[in-house]
Structures are given as C-alpha cells and as structure tokens.
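Architecture and fold: a report
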Amino acid sequence: MIANTSVQQNPSGRQKLPAQDIRALCLESGADDVGFVEISRPALDFERDDILAAYRHTQTIICIAVHLNPENMRSLARHISSDEFHHATDSLNSITRTILRRLKDLGVRGVVMPADFPMDMSRFPGKTWNVSHKIMAVESGIGNMGLNRLVIHPEFGNFIRLTSLLIDTCLDSYGTPLPDSSCDNCGLCLSACPVGAIQRHEPFDFTSCMTHAYRDNIAGFMDMLDSLLRSTDMNSFRQRFSDRETASMWQSLMYKMNYRCGYCMAVCPAGQAARPVSSRKEFVQEVVLPLKNRPEQVYVAQGSKAEKHARANPNKDVRLVGFQIHRSKNDL
Ligand code: B12
Ligand code: SF4
Ligand code: SF4
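Cut-offs used in this document
- Residues numbered from 1 in each chain as written.
- Chains lettered and ligands numbered in written order.
- Predicted model: local features only at pLDDT ≥ 70, side-chain atom pairs only at ≥ 80, totals over all residues.
- Heavy atoms only, no water.
- Helix = DSSP H or I, 4+ residues; strand = E, 2+ residues; numbered from the N terminus.
- Rg over C-alpha atoms; globule rule 2.2 N^0.38 Å.
- Buried < 20%, exposed > 50% of the residue type's maximum accessible area, 1.4 Å probe, protein only.
- Contact = heavy atoms within 4.5 Å.
- Areas by Shrake-Rupley, 256 points an atom, 1.4 Å probe, with all protein chains shown as cover.
- Lys, Arg positive; Asp, Glu negative; His and termini not counted.
- Charge placed at Lys NZ, Arg CZ, Asp CG, Glu CD.
- Pairing = 2+ DSSP bridges.
- Axes fitted to C-alpha atoms, helices over the stretch in contact; angles between N-to-C directions.
- Near = heavy atom within 4 Å.
- Nonpolar A, V, L, I, M, F, W, Y, C, P; charged D, E, K, R; others polar.
- Domains from an automatic or database assignment.
- Polar contact = N/O pair within 3.5 Å; in protein donor to acceptor, adjacent residues only side chain to side chain.
- Expected span 1.5 Å × (residues − 1).
- Bend = angle between axes of the 7 residues up to and from the residue.
- Phe/Tyr/Trp six-rings, centres within 6.5 Å; stacked < 30°, edge-to-face > 60°.
- Buried area = accessible area lost by both parts, 1.4 Å probe.
- Salt bridge = Lys/Arg side-chain N within 4 Å of Asp/Glu carboxyl O.

Moving on to the overall build of the chain. Helix and strand counts for the chain come out as 13 helices and ten strands. What you see for the chain is a C-alpha radius of gyration of 21 Å, in line with the 20 Å of a compact globule of 332 residues. Dimensions of the chain, computed from the C-alpha atoms along their principal axes, are close to 65 × 50 × 35 Å. Within the chain, the fraction of its 332 residues that count as buried is 49%. Contacts in the chain between residues at least 24 apart in sequence constitute 72% of all its contacts with a sequence separation of at least 6. Carbon and sulfur atoms form 53% of the exposed surface of the chain, whose accessible area is close to 16,200 Å². In the chain, 38 positive and 36 negative side-chain charges are present, and the distance between their average locations comes to 3 Å.

Right, let's talk about the sheet that holds strand S2 (residues 33–38) for a bit. Taken in spatial order, the four strands make up an open sheet running S2-S3-S7-S4, and their pairing is antiparallel. Here the strands that pair on one side only, and so sit at the sheet edges, are S2 and strand S4 (110–112). The sheet shows a mean angle of 20° between the axes of neighbouring strands, taken without regard to direction. As paired strands, S2 and strand S3 (residues 60–67) are joined by six bridges and run antiparallel to one another. Considered in S3, the bridge of aspartate 33 is made with alanine 65. Against the sheet, helix H4 (residues 78–105) engages S3, S4 and strand S7 (160–167), with an angle of about 25° to S7.

To continue, consider the site of ligand 2. All residues adjacent to ligand 2 are Leu147, Asn148, Ile152, Cys183, Asp184, Asn185, Cys186, Gly187, Cys189, Cys268 and Pro269. Broken down by class, the residue content of the shell around ligand 2 amounts to seven nonpolar, three polar and one charged. Composition of the shell around ligand 2 by domain shows at least three residues from each of domain 1 (2–175) and domain 2 (188–331).

In the vicinity of ligand 1 there are 29 residues, among which Ala115, Asn148, Arg149, Val151 and Leu162 approach most closely. Between ligand 1 and alanine 115 there is a distance of 2.8 Å, counted from a nitrogen atom to a backbone nitrogen or oxygen. The contact in question runs from an oxygen atom of ligand 1 to an N or O atom on the side chain of arginine 149, over 2.6 Å. For the shell around ligand 1, the elements supplying multiple residues, two or more each, are helix H5 (133–139), S7, helix H7 (206–213) and helix H11 (263–266). When the residues that make up the shell around ligand 1 are grouped by side-chain class, the tally is 19 nonpolar, six polar and four charged.

So, about helix H12 (residues 280–292). In this model H12 runs just 16 Å from its N-terminal to its C-terminal C-alpha over 13 residues, more than 12% under the 18 Å that 1.5 Å per residue would give. Its axis deflected by about 30° at glutamate 286, H12 carries its strongest bend there, up to four residues before the proline proline 290. Buried within H12 are the following residues: Phe283, Val284, Val287, Val288 and Leu291. Next to the buried residues of H12 lie helix H3 (70–74), H4, helix H6 (188–192), H11, strand S9 (296–301) and strand S10 (316–321).

Time to look at the side chain of histidine 86. With respect to the helices, strands and loops of the structure, histidine 86 is situated in helix H4. Overall, the relative accessible area of 9% leaves histidine 86 in the buried class. In this structure histidine 86 touches Tyr255, Lys256, Met257 and Tyr259, once residues within four positions along its chain are discounted.

We now examine the packing of aromatic side chains. How two aromatic rings sit relative to each other is given by the distance of their centres and the angle of their planes. Considering all chains together, one arrives at four aromatic pairs under this definition. On the numbers, 6.1 Å between centres and 65° between planes, the contact of tyrosine 214 with tyrosine 259 is edge-to-face. Remark: tyrosine 259 occurs in the loop between helix H10 (243–254) and H11 and tyrosine 214 occurs in the loop between H7 and helix H8 (218–230); sequence separation between them is 45 residues. By relative accessible area, which is 22% here, tyrosine 214 ends up partly exposed. Judged by relative accessible area, which is 10%, tyrosine 259 ranks as buried. Ring geometry for phenylalanine 237 and phenylalanine 241: centres 5.7 Å apart, planes at 5°, overall stacked. Residue phenylalanine 237 shares its accessibility class with phenylalanine 241, and that shared class is buried.

Looking now at the domain arrangement of the chain. Here the chain is partitioned into domain 1 (2–175) and domain 2 (188–331). Placing the centre of domain 1 and that of domain 2 at their C-alpha centroids yields a distance of 27 Å. Of all residues in domain 1, the largest losses of buried area upon contact with domain 2 belong to Arg74, Arg78 and Leu147, amounting jointly to 24% of the total for that side. Linking domain 1 to domain 2 there are one salt bridge. The salt bridge partner of lysine 256 is aspartate 90, with a shortest N-O separation of 3.1 Å. Summed over the shared surface of domain 1 and domain 2, the result is 16 residue pairs in polar contact (both at pLDDT 80 or more). Counting only elements with at least two residues in the side of domain 1 that touches domain 2, the list comes to H3, H4 and S7. In terms of residue count, the dominant contributor to the side of domain 1 that touches domain 2 is H4 (seven residues). When grouped by side-chain class, the residues that make up the side of domain 1 that touches domain 2 number 16 nonpolar, ten polar and nine charged.

Printed below as a string of structure tokens:
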C-alpha cells in the first residue's frame, strides 16, 4: 500500500523521486512486489543504526519480494524446498543488482543487502544481520507477519523471499502497513512445528527453531566440532554424528545450506496463490499431516520444552544436541 507520508528533504537538495516510477522500475526488473520505507520512521528505531552501518547515506529502504513456488516448498523431499529457497535468493541477487544499475542511471546511489547470508559474523551470536527484511516488508505494506512470524503477502501468502536495497534518495511517498492480516489464526503452523517453537501466547522460540532447522548450518556445525573434539576415534564420533548427518553437513558446506524444516511456511494456507484448492480437511490430509508425521531426526537441547514437544510425536527420532549456541536479547 502506498500512502503519502511526511518525508525528509533529500539532503542533497535533489528532487524526491516519484515512488510510482521506482515501483514500475523494480517490477520491470523482475520483482514480484516492492515497498518503500523512509529511514526516519519511528518503527525503524531499533534497526536504524544497523542500516546506517551498512550504508550511511540511506534515506529510503526498498523492500523487494519474489514469489516462491508453494508446491516446491510443500514437497516432502525437503532438499526440493531448500533448492527453491536458494533459487529465489539467486533471483533476488540478480534482480536487485539490475534495479541498482538502473537507479544509478537516474543518479541514485545505494547498496544491495544480502537476502540472508552472508551476515556479519563479528557480531555472532548476536544480531548478525543489518536489515530485518520482515520489518521492512511489514512497514512498506508488502504483507503482515502471521502467527508463524513470517510475512504473509495478500496474494502470494508467506511464500515470498525478501531483500532490501538502501538508497541515498528520498521518494515522494512511502508505504504504510496493511490494515488487515492475512493470518486467520488457523494454527496449522503451530501444529506442524516439530519443536513447538510457535505458540499462541509466547514469543517465538528462536533457539529451538535454530537448533533444529539450522542443523546443517552454524548450529549443527558447532555441534560437529564439539563432537569431533570429544571423540577418541571414528566410531565414537559416529555415536554422535552418523554418516548420514555428516553427509548432510558436507552437502551444506559444499553446495548450499540444507534447511531441515520450514514446515511453518509450507503448511500456511493464507494468501490467494497459496490457498489450497481442496477443502481444509483434504489440505490437512494432503499437506499438513505428511509433513507433521514425516519420519525424521529432530534436534533439541536436553531438558528443553522443545525436547518434550518433539518426544510427543512418535514419528520423530529425537536427537539431543550436545553443543548449544546460547543467544539472548543481551547479545543484540
Ligand atoms: C534470524 C533469522 C532467522 C532465525 C530467527 C527467526 C525469527 N523469527 O527471528 C531462524 C534461524 C530461527 C530462522 C528460521 C527461519 N527463517 Co529466517 N531469517 C532470519 C533473518 C536473518 C532475520 C530475521 C529477523 O529479522 N528477526 C527479528 C524479528 C524481526 O523477527 P521476530 O519474528 O519478531 O523475532 C522474534 C524472535 O526472534 C525473538 N528473539 C529471540 N531471541 C533473539 C535473539 C536475537 C539476536 C534477535 C534479534 C531476536 C530474538 O525476538 C523477536 C520478537 O519476538 C532473516 C533475513 C533478514 N536479514 O531479514 C531471515 C528470514 C526472516 N527467514 C526466512 C525464512 C523463510 C525462514 C525459515 C522458513 C527457514 C527454514 N526453512 O527453516 C525459518 C522459519 C522460522 C520462523 N517461523 O520464523 C525469510 C522469511 C520470509 C517471509 N515470508 O517472511 C527471511 C526474511 C529470509 C529471506 N530473505 O527471505 N530465521
Ligand atoms: S498457518 Fe494459519 S495461523 Fe499459521 S500463519 Fe498461516 S494462517 Fe496464520
Ligand atoms: S522452521 Fe520448523 S522448527 Fe522453525 S518454527 Fe518453522 S516449523 Fe518450527
């Protein structure tokens, strides 16, 4: 949604660019949706320093969304969904660079942010990302966050990958959050999460999601190092890291990260393009239950709420993770 809001003067004294024209330029360059936020907005207070650290001339944040194919994301063969994520990230990288080149021709300078990785690991285990694309998407009116903490687009549902461009120029109008959420609180995301990270009345459980979904990323890699150091020989290493788990880690390191989960996205029926053609009952049978009951290893910290949650599902092989990354809001 684009609305006229009070905006800062362009510090250079240049004319503000028409948002409608920049929107058209972004869509022509391949974006599926686009939104704009001004750097001075109070909702960005927590984000502003990190944004300016990435590009100190930032006046406008351009948020770009590309649509993911819901069927890929819902596949039981989870490497198919990982591949869809990576393909969308590659598309975003090329679309945003095309946009930046075209903006440069209009005299606009700026930088393209990564969709996710690489991040600023000098801040690990704190906030390693400079721009929270979800906040930019919400503020610019691309969508609202659902119970699953993902941005749901009115048309594409939560099947979007996001990124942001930071530019040195003001626009003549900016987006505002959409008045209505597409999330109807159906609870399917909550029910499909293997570690209980999504609860109706509790904050999102960042650590439990990361421990499982990022098993083949930083969380599991640290555990692998810990396992290697504690093992006296290959056999004792295999007690903690099976050859299958080592192969999965190898693939993530050699190719691109294998996401273990993403069920909260897969099962979300919100949004016109994601809405199941079948009845809710059939959708639960065809999409939700196969993922929820998919036999697989689930990674949890010993004694955590996530362990209790995972053990309640007999289809899951619960694996206790020895090494845990401790993150807290104090790390921010
Ligand atoms: C960090 C991160 C994660 C973390 C934390 C997720 C989270 N909810 O914050 C982990 C590793 C768990 C994760 C998992 C996933 N992610 Co992620 N992730 C990000 C990242 C880098 C930043 C997210 C962010 O801004 N979080 C902070 C605020 C805005 O979100 P929040 O929901 O309000 O966060 C709460 C908790 O995290 C909590 N909290 C608890 N401990 C801590 C510690 C720190 C240091 C912080 C900052 C916050 C915090 O505080 C917040 C308030 O309640 C973005 C890329 C980017 N640069 O923006 C992608 C991104 C959000 N992820 C995305 C996706 C798709 C996923 C997965 C589906 C991947 C997968 N297949 O496993 C899952 C889904 C998990 C979920 N339901 O949220 C997409 C979302 C697209 C969309 N439609 O919204 C993004 C935008 C990547 C992209 N370019 O498309 N992710
Ligand atoms: S699955 Fe249902 S409750 Fe969860 S985010 Fe989607 S619409 Fe909301
Ligand atoms: S990615 Fe998986 S573990 Fe993380 S919140 Fe979604 S369903 Fe739960």
